[in-house]
Number of protein chains: 2
Amino acid sequence: MSYQAPVKDMLFNIQHLAGLETLTQQIPAFADFGLDTAGAVLEECAKLTQDVIAPLNWEGDKNPSFWKDGQVTTTPGFKEAFRAYAEGGWQGLQHPTDFGGQGAPKTIAAACNEMLQAANMSFALCPLLTDGAVEALLTAGSPEQQATFIPPLLEGRWTGTMNLTEPQAGSDLALVRTRAEPQPDGTYKIFGTKIFITYGEHDMAENIVHLVLARVVGAPEGVKGISLFIVPKFLVNADGSLGARNDAHCVSIEHKMGIKASPTAVLQFGDHGGAIGQLIGEENRGLEYMFIMMNAARYGVGVQGIGIADRAYQKAVAYAKDRVQSRPVDGSKPGSATIIHHPDVRRMLMTMRALTEGCRAMASTAAAAFDAAHHHPDADARKQNQAFYDFMVPLVKGYSTEMSLEVTSLGVQVHGGMGFIEETGAAQYYRDAKILTIYEGTTAIQANDLVGRKTARDGGQLARGIAGQIEVTEGQLAQRDSAAARAVLKALRAAREDFLAAVDYIAGSAKANPNAAYAGSVPYLMLAGNLVAGWQLARALIVAEDALATDKPFMQAKIATARFYAEHILPRTGALRSAIVDGADSVTELSLEAF
Amino acid sequence: MSYQAPVKDMLFNIQHLAGLETLTQQIPAFADFGLDTAGAVLEECAKLTQDVIAPLNWEGDKNPSFWKDGQVTTTPGFKEAFRAYAEGGWQGLQHPTDFGGQGAPKTIAAACNEMLQAANMSFALCPLLTDGAVEALLTAGSPEQQATFIPPLLEGRWTGTMNLTEPQAGSDLALVRTRAEPQPDGTYKIFGTKIFITYGEHDMAENIVHLVLARVVGAPEGVKGISLFIVPKFLVNADGSLGARNDAHCVSIEHKMGIKASPTAVLQFGDHGGAIGQLIGEENRGLEYMFIMMNAARYGVGVQGIGIADRAYQKAVAYAKDRVQSRPVDGSKPGSATIIHHPDVRRMLMTMRALTEGCRAMASTAAAAFDAAHHHPDADARKQNQAFYDFMVPLVKGYSTEMSLEVTSLGVQVHGGMGFIEETGAAQYYRDAKILTIYEGTTAIQANDLVGRKTARDGGQLARGIAGQIEVTEGQLAQRDSAAARAVLKALRAAREDFLAAVDYIAGSAKANPNAAYAGSVPYLMLAGNLVAGWQLARALIVAEDALATDKPFMQAKIATARFYAEHILPRTGALRSAIVDGADSVTELSLEAF
């Protein structure tokens, strides 16, 4: 089997770190989603992703989507797999029952998404983008728009896209030029070129619902003049049936380093008279709506990082258990051994495992905060959870994807020379992963968000509050005797202190010396992500020590992994602290001419 | 221009860090290779690499070498470029004048090699492998073999290969099975399959001199029964003309993630009666000879890492100076600015620059030690320099290539979404670089060498001696007033202390608990490489402060880069120390079944 969904680890997180039972008790809408249901859902998802979707991953790399005469043909098998995905009701898993969804908590749905991403990232981008479109419609669409567009999206008959980027407008959406001209019938005509549109054209669904950022003629300049439009590939009649082909055409797709099966489209709107669009919400509030959708997508991209890291890890483990090469350094075997016996191979595998499990634990906890933020009956609880979730999004996105680069690189490395040969498959993960630190906002964009909106704006209060929660975990560790708990406590405390020093520096300098604060933005994100992932593994260790008797091999592995993370990964915060606190000047010291 | 050779930085290193003038004074054979000559050679090499070889790099990725009916056709233009390279006498640059070489010191030749690698790594592998073959022949070949094979290799009429790997024998050469049967005429018949043979077949030269590891029938098992053979593609007549086609055939080439223009051959020896080979040196000493050649090649691969890192840096700088996106965080411009104005872009570029310059400085110093080790009139000086060089080889190979992964990844990142599009070219460096941590011995193999032969064997004495030299530099820094010198001193001292702690741990545990020592082998290599590169930049800072008046912009840039390295890169040694000293147990704690 090329992919084995980590159902047990996911359920451990959902139960013990995310606290699903508390959620289901406190939130009536989730009453049916207890642990048994979670287990059943995850097992079902594991089957689909392992048996149907994962086997198509390498096929997609060999036979990418291709463009001809405005049409995109996806990899053989994708269409059928998407049908199976849709018919299983998976597209609606986390969406409201009102529109045909299943209303599951994100705490469960995020785990399913990880499986899907691990199985086949190129394929899984289509559902991910559709989720984003649904979120945007739920947030700002009219009841009529919601009724028209959401059900077919959840049924998988249609899919969704996000149209933000233009050649001159990437991270900087203020530069968007796509134009919207109001028509007498209340619609708008859309003119412009959008690039990097994931699944902007394909053959897996009947219709594609493009959500497009554009400027209404006469709107203010900059980000305050951007509106959001629904521009379907085929216009939709009043009865929901498909009408005329809209003037939105795919003129080419990109030739990319990875995720080759996912068509990245250049879309031309309005070359034949104007594409017909409907405004979502109010004019000039498009960026606001888009950010809601982007926040969902950013979390999802973080989960992609975790998924692909796990896939790379599993492949590396399989190879390391099979490949025979060299004698063990401790002389424990007379002849050559499988390479998993060699300490450095073990170190690489443990690094891959610890980073993956750490980020998975972080993402699971964040998902629970999202659920509470949206559905908790108590307003204060909603607010606190929302703040926590907002802080977590850049970490889940930024740290999980950056770590996926390290993990997929180690995955190639474990394979030695074979890793560099495409047919082995390890290289694909390395190539695929590199997009994750870029799209839906680069790591620097996440870091700017973390520094500006999430840390400096409240003077570091929220960040220090999270450090306070970590200190509570330290207190629990301090009451334990085990060597593992002591080791984790030592590293966690040091990392938290590094974090607090960074928070003080960032909060203190963001206004007075923004260049200095932002020079440390990515190191700060990496520090915070590392700390939070390590913290969640520390919590996991406490649970595992107490539950040792229930499943000894699993709990022992969790303890060993948490300890490895603490001893090998957490100490990296020291260098990041130095870079942030001592190194700001040297970032900008070199004159522009000297580069 | 797609590549600008860093001639100035190279000459700075050659003059001030490698001490070329001292070398040329002390070593009569190098008397003609003073700074003026070095400058002239580097300028000439810059022209060739910039104008002729660099423009073919992307072409090689688009139109890789291809195999048909046993023949390999290289990328259009490669043949002509190789002719230009050969006719310029570059293949003989560092080899003895006795055989038609130019007898230049490695201190100069290594800089030329960096240019070649930066210009086109796929192309440059052919000369690099030929260098290795020449080294092996110089070391162990008979006078007749040397006279027959070396001149045409230096003229570029023939090229060389290293045939080590077999499907079951990669890092572990004890498993080599290729068989050599002695013939009555003193030759051997060779039978077996070799894989991963770089430029094992191509159309750029008249003949290919394969150096092949094989077992003479009846030889001892393991590494002590391996001999080295010359197996030319075409047999060579007594007068040096080419004779019959030998029974050594390329049956396929690999489909790789990167360095696609470099044909990686599967060679079949002896399928049609036996390939005719000549023994080099004595039977069963093949591995010893091969190691000499590998040490040269390992240094060369480290230089490949530096070259590709510089290329990625230059491309990223050009993009960052051109791409306009977003307002500066400090409000210094009212509208959007080129992205080099954004602190995190600057941090990425400085990281790329500092890592590249640090490793270049390290490699330059190591090259000087090589020259002194081979040619110094004083035996003690030769011995000391050899010991220093031996310690440096795994660092140059391991650290420079690992850093090239980070640098080429940042290179993609600076380009944002465009970086993921193949036509941009940044992705090629990312894909190409990944082979560097694998071939000629993975990073773990380098690290085992560093731990076993270079550190533990003498109880850490040599390593501590190097730390002592670093302390001398610290003393020099301590006598300076500048903020930069103080910052560098602080970081260098801390990193040296981390190194000493690691040395004590490694030297102390290598025998008693080899699993513990080797669990930290790669972290130890990364720590040592980081420290030595930072040390060389510290030395560079001292020179630059004193020479500020001679070339202010260059010297200021050197100071800024050294300081950045000290504040952002050197502090990473802390986490590595923790991993080595505290983290050994957790590397191997997880049971094999739990993976």
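Residues numbered from 1 in each chain as written. Chains lettered and ligands numbered in written order. Predicted model: local features only at pLDDT ≥ 70, side-chain atom pairs only at ≥ 80, totals over all residues. Heavy atoms only, no water.

Comments concerning the overall build of chain A
A tally of regular secondary structure across chain A gives 20 helices and 12 strands. Taken over C-alpha atoms, the radius of gyration comes to 24 Å for chain A, in line with the 25 Å a tight globule of 595 residues would show. When the backbone C-alpha atoms are referred to their principal axes, chain A occupies close to 80 × 60 × 55 Å. Across the 595 residues of chain A, 65% fall into the buried class. Sequence separation of 24 or more characterises 74% of the internal contacts of chain A that already satisfy a separation of 6 or more. A total accessible area of about 19700 Å² is found for chain A, and carbon and sulfur atoms account for 51% of it. If the 51 positive side-chain charges of chain A are averaged to one point and the 64 negative ones to another, these points end up 5 Å apart. (Helix = DSSP H or I, 4+ residues; strand = E, 2+ residues; numbered from the N terminus. Rg over C-alpha atoms; globule rule 2.2 N^0.38 Å. Buried < 20%, exposed > 50% of the residue type's maximum accessible area, 1.4 Å probe, protein only. Contact = heavy atoms within 4.5 Å. Areas by Shrake-Rupley, 256 points an atom, 1.4 Å probe, with all protein chains shown as cover. Lys, Arg positive; Asp, Glu negative; His and termini not counted. Charge placed at Lys NZ, Arg CZ, Asp CG, Glu CD.)

Some details on the environment of B:Met350
Looking at the secondary structure, you find B:Met350 in helix 10 (residues 343-375). Overall, B:Met350 belongs to the buried group, its relative accessible area being 0%. The sequence separation of B:Met350 and B:Thr561 amounts to 211 residues, and the corresponding C-alpha distance is 7.1 Å. Other than its neighbours up to four places away in sequence, B:Met350 contacts A:Ser586, A:Val587, A:Leu590, A:Phe595, B:Ala560, B:Thr561 and B:Phe564.

Examining the relation of the copies chain A and chain B
When chain A is fitted to chain B, the residual RMSD is 0.0 Å, and the transformation amounts to a turn of 180° plus an axial shift of 0.0 Å. Put plainly, the chains are arranged around a two-fold axis. A high fraction, 100%, of the interface residues of chain A reappear at the interface in chain B, so the copies pair face to face through one surface. (Least-squares fit on C-alpha atoms with pLDDT ≥ 70 in both.)

Description of helix 11 (residues 379-414) of chain B
Residue and element names in this part refer to chain B. Its 36 residues place the ends of helix 11 49 Å apart at the C-alpha level, agreeing with the 52 Å of an ideal helix rising 1.5 Å per residue. Of all the bends found along helix 11, the most pronounced is centred on methionine 392 and spans about 30°, while proline 394, a proline, follows it within four residues. Glycine 416 sits one or two positions beyond helix 11 and adopts a positive phi of about 55°. (Expected span 1.5 Å × (residues − 1). Bend = angle between axes of the 7 residues up to and from the residue.)

Remarks on helix 9 (residues 286-322) of chain A
With 37 residues, helix 9 of chain A extends 53 Å from end C-alpha to end C-alpha; this agrees with the ideal 54 Å at 1.5 Å per step. Counting buried residues along helix 9 of chain A, 29 of its 37 residues qualify, which places the element largely inside the surrounding structure.

Here we look at the environment of A:Glu545
Residue and element names in this part refer to chain A. The residue glutamate 545 is located in helix 17 (residues 521-546) in this model. With 132 residues separating them in the primary sequence, glutamate 545 and glutamine 413 have C-alpha atoms 33 Å apart. Not counting residues up to four positions away in its chain, the partners in contact with glutamate 545 are Arg480, Ser482, Ala484, Ala485 and Ile559. Polar contacts involving the side chain of glutamate 545 include one to the side chain of serine 482, which spans 2.5 Å. (Polar contact = N/O pair within 3.5 Å; in protein donor to acceptor, adjacent residues only side chain to side chain.)

A few points about the pattern of salt bridges
Should the charged atoms of two oppositely charged side chains come close, the side chains can pair. Residues and elements named next belong to chain A. According to the stated counting rule, one finds 62 salt bridges over all chains in the structure shown. Salt-bridge contacts for lysine 62 lead to glutamate 59; the nearest nitrogen and oxygen are separated by 3.8 Å. Residue lysine 62 and its partner glutamate 59 are both found in helix 4 (residues 57-62); the two are separated by three residues, about one turn of the helix. With relative accessibility at 47%, the residue lysine 62 sits in the partly exposed group. Within this structure, Asp9, Glu114, Asp310, Arg353, Glu357, Arg360 and Lys558 form a network of salt bridges that share partners. (Salt bridge = Lys/Arg side-chain N within 4 Å of Asp/Glu carboxyl O.)

Considering the packing of aromatic side chains
Taken as a whole and assessed by the stated rule, the structure comprises 19 aromatic pairs over all chains. Ring pairing ties together the aromatic residues A:Phe78, A:Phe82, A:Tyr85 and A:Phe123, which thus form one cluster. Across the ring face of B:Phe370, the terminal group of B:Lys106 is positioned such that the distance to the ring centre comes to 4.5 Å. (Phe/Tyr/Trp six-rings, centres within 6.5 Å; stacked < 30°, edge-to-face > 60°. Lys NZ or Arg CZ within 6 Å of the ring centre and 35° of its normal.)

Regarding the nonpolar core
With 389 residues, the main nonpolar core has A:Leu349, A:Tyr524, B:Leu349 and B:Tyr524 as its most contacted residues. Residues B:Val72, B:Ala214, B:Phe229 and B:Phe269 belong to the second largest nonpolar core, which totals 18 residues. (Core = buried A, V, L, I, M, F, W, Y, C linked by side-chain atoms within 4.5 Å.)

Considerations on the domain arrangement of chain A
Here the domain parsing of chain A yields domain 1 (7-155), domain 2 (159-282) and domain 3 (444-588). Spacing between the C-alpha centres of domain 2 of chain A and domain 3 of chain A amounts to 40 Å. (Domains from an automatic or database assignment.)

Concerning the side chain of A:Thr561
Along the chain, the position of A:Thr561 falls in helix 18 (residues 552-569). The class of A:Thr561 is buried, set by a relative accessible area of 0%. Not counting residues within four places of it along the chain, the set of residues in contact with A:Thr561 comprises A:Met350, A:Arg353, A:Ala354, A:Glu357 and B:Leu590.

Considering unusual backbone geometry
Of note, A:Ser326 is a non-glycine position whose phi angle comes to about 70°, a positive value. Mapping A:Ser326 onto the fold places it in the loop between helix 9 and helix 10 (343-375). Of note in this structure, B:Asp69 is not a glycine but carries a positive phi near 50°. B:Asp69 gets classed as exposed once you look at its relative accessible area, which sits at 63%.

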